[in-house]
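# Reading the structure
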Amino acid sequence: MDKMDKNIYYILDASAFIGGFELKNSLNFTISEISEEVKDLKSKMIFDQAIDDNILFIVEPDDLSINELNNVISSSGDTLRLSNVDKKLLALAIDFSNQGKQIKVVTDDYSIQNVLKIMNIPYRSVLTEGIKGIYNWKKICQGCRKEYPDNYDDEVCEICGSKIFKKRIKLD
């Protein structure tokens, strides 16, 4: 085993920079869209300096990892809560994990943490405690309680006209 493989590869969400996560080595990775999510001046400077210092690298996930992720989140209901940037970051974690790298995702995003927990991929928070359990999400009518599929786009129930909301269901 290569000495590098014994190290932890950190996959960083925007909250890593916003929360002040310290990049101690050159095994820090993220996706290009994170640069757009890091908006405050201090975090942006940390992000840009880390790239200039070659301790942060922008990597794009493999299409196979994106497909693998879509299979996981379609069954958990997390498709309702994740942005495209979140999905891409999770796909990068799957990429690294599938390559046998020891990884840790740094994020305060509870939806990302939920998916990581389902997939048994290690993560850590920066400013928050992190999630306590695994949750699924369902679209449910507020009035008649009819359940709708994740891809149902209307915000009102086709039966009773009440508002449809996302309900969290704890699994463990």
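Residues numbered from 1 in each chain as written. Predicted model: local features only at pLDDT ≥ 70, side-chain atom pairs only at ≥ 80, totals over all residues. Heavy atoms only, no water.

Labelled according to an unreviewed UniProt entry, the protein chain appears under the name Ribonuclease VapC2, originating from Methanobrevibacter arboriphilus.

Now for the sheet that holds strand β1 (residues 9-12). Pairing is parallel across the open sheet formed by five strands, whose spatial order is β3-β2-β1-β4-β5. Two strands in the sheet have a free side with no partner beyond their single neighbour: β3 (57-58) and β5 (123-124). (Pairing = 2+ DSSP bridges. Helix = DSSP H or I, 4+ residues; strand = E, 2+ residues; numbered from the N terminus.)

On to the pairing of β1. Judged by which residues are buried, β1 turns out to be covered on both faces: Y9 and I11 on one side and Y10 and L12 on the other are all buried. As judged from the four bridges shared by β1 and strand β4 (residues 103-106), these two strands associate in the parallel manner. The residue of β4 that forms the bridge with I11 is V105. (Buried < 20%, exposed > 50% of the residue type's maximum accessible area, 1.4 Å probe, protein only.)

Every buried residue belonging to helix α6 (residues 110-118) is among S111, I112, Q113, N114, V115 and L116, and all of these are buried. Of the residues flanking the end of α6, it is N120, one or two places downstream, whose phi is positive at about 55°.

Moving on: the packing of aromatic side chains. Tallied over the full model, the rule gives seven aromatic pairs. Plain terms: the ring middles of Y9 and F29 are 5.9 Å apart, the flat faces sit at 25° to each other, and that makes the pair stacked. Within this pair, whereas Y9 is found in strand β1, its partner F29 is found in strand β2 (residues 28-30), the two being separated by 20 residues in sequence. Look at Y9 and you get buried, because its relative accessible area is 6%. Owing to a relative accessible area of 11%, F29 belongs among the buried residues under this scheme. An angle of 75° between the planes, with centres 6.0 Å apart, marks the rings of Y9 and F96 as edge-to-face. Of this pair, Y9 sits in strand β1 while F96 is found in helix α5 (residues 84-98), placing the two residues 87 residues apart along the sequence. Residue class for F96 comes out buried when judged on its relative accessible area of 3%. Taken together, the ring pairs in this structure connect Y9, F29, F57 and F96 into an aromatic cluster. (Phe/Tyr/Trp six-rings, centres within 6.5 Å; stacked < 30°, edge-to-face > 60°.)

The next thing to look at is the confidence of the model for the protein chain. Mean pLDDT for the protein chain: 86, with 88% of residues reaching 70 or above. Every residue in residues 1-5 is under pLDDT 50, and counting partners more than four places away or in other chains gives four contacts. (pLDDT = per-residue confidence, 0-100. Contact = heavy atoms within 4.5 Å.)

This brings us to a negative patch on the surface. A contiguous patch of negative charge, built from D153, D154, E155 and E158, is present on the exposed surface. As for its placement among the helices and strands, E155 is situated in the loop between β7 (147-148) and β8 (164-170). A relative accessible area of 58% means that E155 is categorised as exposed. (Patch = residues over 30% accessible without salt bridge, like charges linked within 9 Å, V, L, I, M, F, W, Y side chains within 5 Å. Areas by Shrake-Rupley, 256 points an atom, 1.4 Å probe, with all protein chains shown as cover. Salt bridge = Lys/Arg side-chain N within 4 Å of Asp/Glu carboxyl O. Lys, Arg positive; Asp, Glu negative; His and termini not counted. Charge placed at Lys NZ, Arg CZ, Asp CG, Glu CD.)

Bridge count for β4 against β5 is two bridges, and the pairing is parallel. Paired with V105 across the bridge in β5 is Y123. On the question of chirality, the crossover connecting β4 to the parallel β5 by way of α6 is right-handed. (Right-handed = clockwise from strand over helix to strand, strands pointing away.)

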